[in-house]
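# Commentary on secondary and tertiary structure
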Amino acid sequence: MPMSSRDYTWLFTPGSTFTYESGTTGVIHVTDGGELDLPTGQVVACDPFVYLGSGDVEPFTATVAPGRYRVEAAVATLGEPGEPESADPHRRVAAARLVIRDEPATTWELALLPGQDLAELEDDEFFGYGVDAGTGCFYDAAAEKGFPETEGDEGPLWDAFQDSDWSAVVHLVTSPDTGNTVAAFTSGWGDGAYPTWIGRTASGEITCFLTDFFVAPDPGDAAA
């Protein structure tokens, strides 16, 4: 069986808390990242510093109506028991989602690329994207060639992260040449592979695309 989805309603509820085995605690807050333009409704998720504009990524097979959709990040503020609140708190992006409908998701499924088959997955395996530059993102397939300057340390995407000191927020970046947009964010603890889930209503309508960076444990776990 492939990996099962988690309680993502809990993860995107401000004030949700968790505790690691080390004793470190976490509190979730949700940050608004603005609206991402999806002119084709074909959604791509990847590490933008590695794959945006490379031609090596494809959009998910599930599509939505063209439009503008809100992006949010579930950010965990981490601390040690008994320590005073820091002026510079330790924060990590626990998950990011592209909100298609403001309705609760009743089911979750892995977002798939063309050719991927859930039957190929072993127990607790998942399809996801690889991260090698500590970042993830959402964008429309039309933006694939909209950021030709992403390679290296130049361009608007790089500037957005540098100017914010790589803070745990959503960076909604617009190409000055094409007007295409990308919603980018740091990827939890950094490099690795991360699944994107699709939430659906009881009638099958897509509510969101959500990438989990494995920062917060399941709420049913006493510690992680």
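Further up the page is the structure itself.
Residues numbered from 1 in each chain as written. Predicted model: local features only at pLDDT ≥ 70, side-chain atom pairs only at ≥ 80, totals over all residues. Heavy atoms only, no water.

Here the focus is the sheet that holds strand β10 (residues 181-186). Read from one edge of the open sheet, four strands run β3-β8-β10-β9, paired in antiparallel fashion. Among the strands making up the open sheet, the edge pair consists of β3 (43-46) and β9 (171-174). Taken over all neighbouring pairs, the strand axes of this sheet differ in orientation by 20° on average, direction set aside. Note that β3 and strand β8 (residues 135-140) share four bridges and pair antiparallel. (Pairing = 2+ DSSP bridges. Helix = DSSP H or I, 4+ residues; strand = E, 2+ residues; numbered from the N terminus. Axes fitted to C-alpha atoms, helices over the stretch in contact; angles between N-to-C directions.)

The next point concerns the layout of surface pockets. The space that makes up the largest pocket amounts to roughly 260 Å³. For the lining of the largest pocket, the elements supplying multiple residues, two or more each, are β2 (25-38), β4 (67-79) and β5 (90-99). Of the residues belonging to the lining of the largest pocket, the class tally is four nonpolar, six polar and four charged. (1 Å grid on protein atoms, 1.4 Å probe; cavity = no way out; pocket = protein on both sides within 12 Å on 5 of 7 lines; lining within 4 Å. Points joined across faces, edges and corners; volume = space filled by probe spheres on them. Nonpolar A, V, L, I, M, F, W, Y, C, P; charged D, E, K, R; others polar.)

Another point: the pattern of salt bridges. Counted under the stated rule, the structure contains nine salt bridges. Asp212 serves as the salt-bridge partner of Arg6, at 2.9 Å between the closest nitrogen and oxygen. Of the two residues, Arg6 is situated in the segment before α1 (8-11) and Asp212 in strand β12 (residues 206-212); the sequence distance between them amounts to 206 residues. Residue classification places Asp212 among the buried residues on the basis of a relative accessible area of 0%. The shortest N-O distance in the salt bridge between Arg200 and Glu109 comes to 2.9 Å. With a gap of 91 residues between them, Arg200 in strand β11 (residues 192-200) and Glu109 in strand β6 (residues 107-110) connect regions that are remote in the sequence. Among the ionic contacts, a cluster of salt bridges with common partners joins Arg70, Glu72, Arg97 and Asp102. (Salt bridge = Lys/Arg side-chain N within 4 Å of Asp/Glu carboxyl O. Buried < 20%, exposed > 50% of the residue type's maximum accessible area, 1.4 Å probe, protein only.)

Looking now at the packing of aromatic side chains. Applying the stated rule across the entire model yields 14 aromatic pairs. Put simply, the rings of Phe126, Phe138, Phe185, Tyr194, Phe213 and Phe214 pair up and form one aromatic cluster. The cationic tip of Arg97 hangs over the ring face of Phe12; the distance from NZ or CZ to the ring centre is 4.2 Å. (Phe/Tyr/Trp six-rings, centres within 6.5 Å; stacked < 30°, edge-to-face > 60°. Lys NZ or Arg CZ within 6 Å of the ring centre and 35° of its normal.)

Phi at Asp124 is positive, roughly 65°, even though this residue is not glycine. Structurally, the position occupied by Asp124 is in the loop between β6 and β7 (128-131). Overall, the relative accessible area of 59% leaves Asp124 in the exposed class. Unusually for a residue other than glycine, Phe214 sits at a positive phi of about 60°.

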